[in-house]
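# Structural overview
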Amino acid sequence: MSPGIQSFMMQRQVQKAIAFARKAHHGQLRKTGDPYLTHCIHTGRILAALVPSSGKRAIDTVVAGILHDVIDDTCESLHSIEEEFGDDVAKVVAGVSRLSYINQLLRRHRRTNVSQGNFGPEEVNNLRVMLLGMVDDPRVVLIKLADRLHNMRTIYALSSPKAQAVAQETLAVWCSLASRLGVWALKAELEDLCFAVIQPKTFRRMRAELASMWNPNKKARILRRISTKSSTFVPLHENDIISDYEGLMATEEDPSTMKDLLQAVLPFDLLLDRRKRTNFLNNLREYSEAPKTKPKVVRDAGIALASLVVCEEALERELFISTSYVPGMEVTLSSRLKSLYSMYCKMKRKNVGIRQVYDARALRVVVGDNNGALYGAAVKCCYSLLNIVHRLWTPIDGEFDDYIVNPKHSGYQSLHTAVQGPDNAPLEIQIRTQRMHECAEYGLAAHWLYKETENKMPSMSTLHDAEKNSTPYESKELEDDNSAEYDALEKYGPLKVGHPALRVEGSHLLPAVIVRVDKDGRELLVAVRFGLEASEAVADRRSSFQIRRWEAYARLYKKVSDQWWCEPGHGDWCTCLEKYTLCRDGMYHKQDQFERLLPTFIQIIDLTEEEETVYWMVVSSVFEGKQVASIPSNSRYFGTSSSDSPNSTPIETSINNKVRLLREMLQWEEQVRSEAGLGDTKHGKKPNGGHDSVLGEVVIVCWPDGEIMRMRTGSTAADAARRIGLEGRLVLVNGQLTLPHTELKDGDVVEVRV
């Protein structure tokens with residue numbers, strides 16, 4: 001199907017969904033005074049900015065987002081949605097409704113059982129696990145995140161105590177879920193909206209300090225001098241405000257309301273769309289002659305955005321001039337601002353000032369790889385562009401990270417470098433291929449969220465691993481210039497002879513191995529193999545062919561050992577030994593025979609425990625002259641989930657975990673009911689189909705898909721088989737064969753044999 005037809009189908013389905021929602025929500029108003037339909041449309045717009053522009057699942061996601069509140073807040077039924085929009089949309093809407101109900105239940109449980117105001121780490125994790133454990137389709141979580149994002153954008157309509165409570169919950173639970181799904185841009189906006197509500201003074205101050213750093217006018221330079229002197233640390237409490245800063249800010253009153261602060265949070269899609277960004281800046285410029293019409297905190301946000309535009313245009317001009325360095329490669333440029341909340345946490349964690357947060361703003365360079373067909377060439381182009389960036393702007397010592405050679409555990413790959421931008425303030429540059437960009441931008445969704453197949457929620461262990469790892473926007477901060485060498489040594493750890501590395505000279509990437517380690521790791525003798533391209537090999541570390549690639553490194557190491565080459569310059573026509581020295585920028589640079597340091601550097605390949613085991617098994621086989629057999633790979637390394645016990649499969653572990661979560665949720669539900677003193681007669685279904693209670697129902701888990709099914713109290717095993725569409729078949733309840741008239745209980749695991 002052509003893109004034009006798909007676009008037409010999407011528009012038609014979206015318009016149909018809006019008409020359906022308009023009729024269903026007729027007469028309903030939000031607390032802001034706007035028609036309820038506006039919330040449905042904004043939720044759909046947020047989803048449209050997150051999902052791919054084509055594909056049935058993407059269209060269904062946007063449609064389900066528009067209809068997400070229909071069955072809970074109106075008289076429309078799930079059956080009517082299924083008739084109008086199909087089974088897939090109906091299932092997603094039902095999942096959103098179920099997730100909303102579970103969230104309400106958790107809130108009630110917390111109100112009646114938890115006295116403290118803040119979420120504890122263990123409690124937060126339990127809530128996240130509970131929510132994810134009840135969901136099979138990741139689009140359900142994505143729609144809830146879009147719903148929560150728009151609610152946070154308009155949270156000024158709530159009272160301050162209630163707004164703070166919602167912001168606390170959002171920050172603790174929903175931002176973390178966004179991280180697990182890998183929707184980083186949405187997560188960043190959610191964090192800043194919560195930050196503006198919870199700590200408005202700190203939010204306002206950080207906005208002003210960033211504007212002072214990035215605004216070239218005289219007044220900003222005065223503020224910058226004061227902030228450099230007095231704001232080494234960000235205040236940890238609302239009342240801890242530096243007096244010099246207050247004195248300066250008192251000259252310009254800023255009576256910002258909560259609504260003003262929320263407007264100072266830039267929408268996540270603003271930086272993705274140049275037209276939107278230009279319109280935003282033009283609107284701010286229209287008020288430049290009458291600045292009081294726009295709150296200062298909003299104008300400060302505009303200054304931050306405008307500074308990013310200046311940096312982007314400067315790099316764009318340089319890339320246009322330097323196109324000869326990247327022949328035939330399509331290069332696109334985008335930009336982003338780090339969330340203030342993320343900066344605040346980093347400043348607290350590292351005890352540094354705002355000027356030491358080098359990734360507060362960043363430019364992203366993406367190299368096209370023709371859907372992977374030019375992947376190796378694109379990787380080489382990334383290193384060529386790194387060279388261009390370092391010629392344009394001065395690099396900051398110790399602020400280069402190569403996540404292409406050494407991807408994060410989550411699989412994130414990119415080159416990160418920090419430079420002094422055109423305004424002499426720190427600027428981070430991220431360079432990666434299109435395939436790397438898709439994985440980073442959509443996170444886990446790039447692999448399973450919008451494929452045109454029936455995808456299930458990834459295992460809890462996979463999501464847990466994804467959250468534990470840093471987001472792609474994080475980079476290493478240098479706390480002390482004098483500690484650069486120490487930090488680098490600590491970063492690389494104890495280096496072994498024979499360890500693999502990558503030699504980088506412009507766009508030329510060659511495999512290398514360490515032959516000798518001198519001066520406690522400050523100097524290395526490295527063997528380099530010329531004529532063997534390493535770009536695609538190092539960039540695709542998780543490939544099933546990686547063992548064969550490790551074999552090339554092992555044979556290089558064996559060749560050097562057999563020839564007794566041991567000094568710089570030793571080698572032959574395809575192999576050479578070179579000396580490298582650890583420098584202040586945290587990289588090992590090549591040293592020539594005159595002891596001059598050259599731009600050529602090596603990147604140590606950081607092996608995981610699993611990779612290291614496999615690599616040294618390959619080295620051992622090569623040195624012993626054995627054939628490199630198919631070495632069994634660790635399941636976690638290749639992305640499969642580990643099970644809770646040696647005898648259980650990942651599916652069994654997932655279902656067992658879900659049963660445990662379901663039973664815990666039902667216990668909470670019963671506890672909430674009993675403590676509230678509500679009887680059975682008070683818990684019937686709402687006329688509009690809402691879920692104030694599930695009394696009168698039993699909740700079971702269907703094996704092996706893990707689907708949660710709600711049935712009327714008194715339902716039997718035969719009823720479950722009939723509901724599934726397998727009437728008359730044998731039914732197992734909790735692993736035991738049962739009679740058809742066996743009554744089902746909450747939390748039962750039901751399997752119907754085909």
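Residues numbered from 1 in each chain as written. Predicted model: local features only at pLDDT ≥ 70, side-chain atom pairs only at ≥ 80, totals over all residues. Heavy atoms only, no water.

### Points about the overall build of the protein chain
Helix and strand content of the protein chain: 27 helices and 16 strands. Taken across its 754 residues, the protein chain has 53% of its residues classed as buried. The long-range fraction of contacts in the protein chain, counting pairs at least 24 apart against all pairs at least 6 apart in sequence, stands at 70%. Of the accessible surface of the protein chain, which amounts to about 34600 Å², a share of 52% is contributed by carbon and sulfur atoms. (Helix = DSSP H or I, 4+ residues; strand = E, 2+ residues; numbered from the N terminus. Buried < 20%, exposed > 50% of the residue type's maximum accessible area, 1.4 Å probe, protein only. Contact = heavy atoms within 4.5 Å. Areas by Shrake-Rupley, 256 points an atom, 1.4 Å probe, with all protein chains shown as cover.)

### Thoughts on the packing of helix H11 (residues 200-214) against helix H16 (residues 296-321)
Look at H11 against H16: their axes get within 9 Å of each other, and the N-to-C directions meet at 40°. As far as their axial angle goes, H16 and H11 are oblique. The two elements H11 and H16 cross, and the hand of that crossing is left-handed. Residue-level contacts link Phe-203, Arg-204, Arg-207, Ala-208, Ala-211 and Trp-214 of H11 to Lys-296, Val-297, Asp-300, Ala-301, Ile-303, Ala-304 and Ser-307 of H16. When the residues that make up the contact of H11 with H16 are grouped by side-chain class, the tally is eight nonpolar, one polar and four charged. (Axes fitted to C-alpha atoms, helices over the stretch in contact; angles between N-to-C directions. Parallel < 35°, antiparallel > 145°, perpendicular 65-115°, else oblique. Left-handed = near helix turned anticlockwise from the far one by under 90°. Nonpolar A, V, L, I, M, F, W, Y, C, P; charged D, E, K, R; others polar.)

### Quick word on the sheet that holds strand S9 (residues 575-582)
Reading around the barrel, the six strands line up as S6-S7-S8-S9-S10-S11 and close back on themselves, with antiparallel pairing between neighbours. Each adjacent strand pair in this sheet contributes to an overall mean axis angle of 45°, direction not counted. Here strand S7 (residues 508-518) runs beside strand S8 (residues 523-529); their pairing, made up of six bridges, is antiparallel. The residue bridging Val-517 from the neighbouring strand is Leu-524, located in S8. Running at roughly 45° to S7, helix H24 (residues 546-563) makes contact with strand S6 (500-505), S7, S8 and S9 of the sheet. (Pairing = 2+ DSSP bridges.)

### A short note on the side chain of Arg-277
Here Arg-277 shows up in helix H15 (residues 274-286). One polar contact links Arg-277 to Ser-335, side chain to side chain, over a distance of 3.3 Å. Beyond its immediate stretch of four places on either side in the chain, Arg-277 contacts Leu-270, Leu-271, Leu-305, Val-309, Glu-312 and Ser-335. (Polar contact = N/O pair within 3.5 Å; in protein donor to acceptor, adjacent residues only side chain to side chain.)

### Observations concerning the packing of aromatic side chains
Enumeration according to the criterion identifies 10 aromatic pairs in this entry. Look at Tyr-403 and Tyr-412: their rings are 6.1 Å apart centre to centre, the planes differ by 55°, and that puts the pair in the tilted class. Each member of the pair, Tyr-403 together with Tyr-412, is buried. On the numbers, 5.2 Å between centres and 75° between planes, the contact of Tyr-615 with Trp-616 is edge-to-face. Taking relative accessible area as the criterion, Tyr-615 reaches 0% and is therefore assigned buried. Among the aromatic residues, those joined into a cluster by ring pairs are Phe-195, Phe-203, Tyr-341 and Tyr-344. (Phe/Tyr/Trp six-rings, centres within 6.5 Å; stacked < 30°, edge-to-face > 60°.)

### Considerations on the nonpolar core
Grouped together as the largest cluster of nonpolar side chains are 146 residues, with contacts concentrated most on Leu-67, Ile-81 and Ile-429. Aside from chain neighbours lying at most four places away, what touches Ile-429 is Leu-315, Leu-363, Val-365, Val-389, Trp-393, Leu-415, His-416, Thr-417 and Val-419. (Core = buried A, V, L, I, M, F, W, Y, C linked by side-chain atoms within 4.5 Å.)

### Topic: the pattern of salt bridges
One pass over the full model with this rule turns up 31 salt bridges. For Asp-88, the salt bridge identified is with Arg-139, shortest N-O distance 2.7 Å. Residue Asp-88 is located in helix H6 (residues 87-113), and its partner Arg-139 is located in helix H8 (residues 138-153); the two are separated by 51 residues in the primary sequence. Assessed through its relative accessible area of 0%, Arg-139 is described here as buried. (Salt bridge = Lys/Arg side-chain N within 4 Å of Asp/Glu carboxyl O.)

### With respect to the environment of Glu-169
Here Glu-169 is to be found in helix H9 (residues 160-181). Placed 25 residues apart in sequence, Glu-169 and Cys-194 show a C-alpha to C-alpha distance of 9.1 Å.

### Focus on the confidence of the model for the protein chain
Predicted confidence across the protein chain gives a mean pLDDT of 75, with 68% of residues reaching 70 or more. Considering only residues more than four positions removed or in separate chains, one finds that residues 218-252, a stretch of pLDDT under 50, has 61 contacts. Between residues 633-647, whose pLDDT stays under 50, and residues either more than four places distant or in other chains, the model counts 28 contacts. (pLDDT = per-residue confidence, 0-100.)

### What to know about the sheet that holds strand S2 (residues 361-367)
Strand order in the open sheet formed by five strands is S1-S2-S5-S4-S3, and the pairing between neighbours is mixed. Edge positions in the open sheet fall to strand S1 (331-337) and strand S3 (395-402), since each of these has one partner strand only. Taking the axes of each pair of neighbouring strands and ignoring which way they run, one obtains an average angle of 20° across the sheet. In terms of strand pairing, S2 meets strand S5 (residues 426-433) through six bridges, oriented parallel. Considered in S5, the bridge of Val-365 is made with Ile-431. Sitting on the sheet, H16 is in contact with S1, S2 and S5, with an inclination near 160° to S1.

### Some words on unusual backbone geometry
With a phi angle near 65°, Asn-424 is a residue other than glycine that sits in the positive phi range. Tracing the chain through its elements places Asn-424 in the loop between strand S4 (415-420) and S5. In this structure Asn-424 comes out as exposed when scored by relative accessible area, which is 53%.

### Notes on helix H17 (residues 340-350)
Taken together, the buried positions of H17 are Leu-340, Met-343, Tyr-344, Lys-346 and Met-347. Angularly, the buried residues of H17 cover 165° about the axis, an arc narrow enough to put them on a single face. The secondary structure elements touched by the buried residues of H17 are helix H10 (184-198) and H11. Downstream of H17 by one or two residues, Asn-351 has phi in the positive range, about 55°. (Arc of directions from axis to C-beta.)

### Some points on H8
Relative to the 22 Å expected for 16 residues at 1.5 Å per residue, H8 spans 23 Å between its end C-alpha atoms, a close match to the ideal helical length. In terms of burial, H8 is a largely internal element, 14 of the 16 residues being buried. (Expected span 1.5 Å × (residues − 1).)

### What to know about the pairing of strand S11 (residues 597-604)
The pairing of S6 with S11 spans four bridges and is antiparallel. Residue pairing across strands places Val-504 opposite Phe-601, the latter belonging to S11. The pairing of strand S10 (residues 588-591) with S11 spans three bridges and is antiparallel. If you follow His-589 over to S11, its bridge partner there is Phe-601. Between S10 and S11, which pair antiparallel and follow one another directly, the connecting turn spans five residues, one of which, Glu-595, has a positive phi of 65°.

### A closer look at the environment of Glu-330
Relative to the assigned elements, Glu-330 resides in the loop between H16 and S1. Under the relative-accessibility criterion, Glu-330 is labelled exposed at 57%. For Glu-330 and Ala-378, which are 48 residues apart along the polypeptide, the C-alpha to C-alpha distance reads 9.2 Å. Look past the residues within four positions of Glu-330 in its chain and what remains in contact with it is Val-366, Val-367 and Gly-368.

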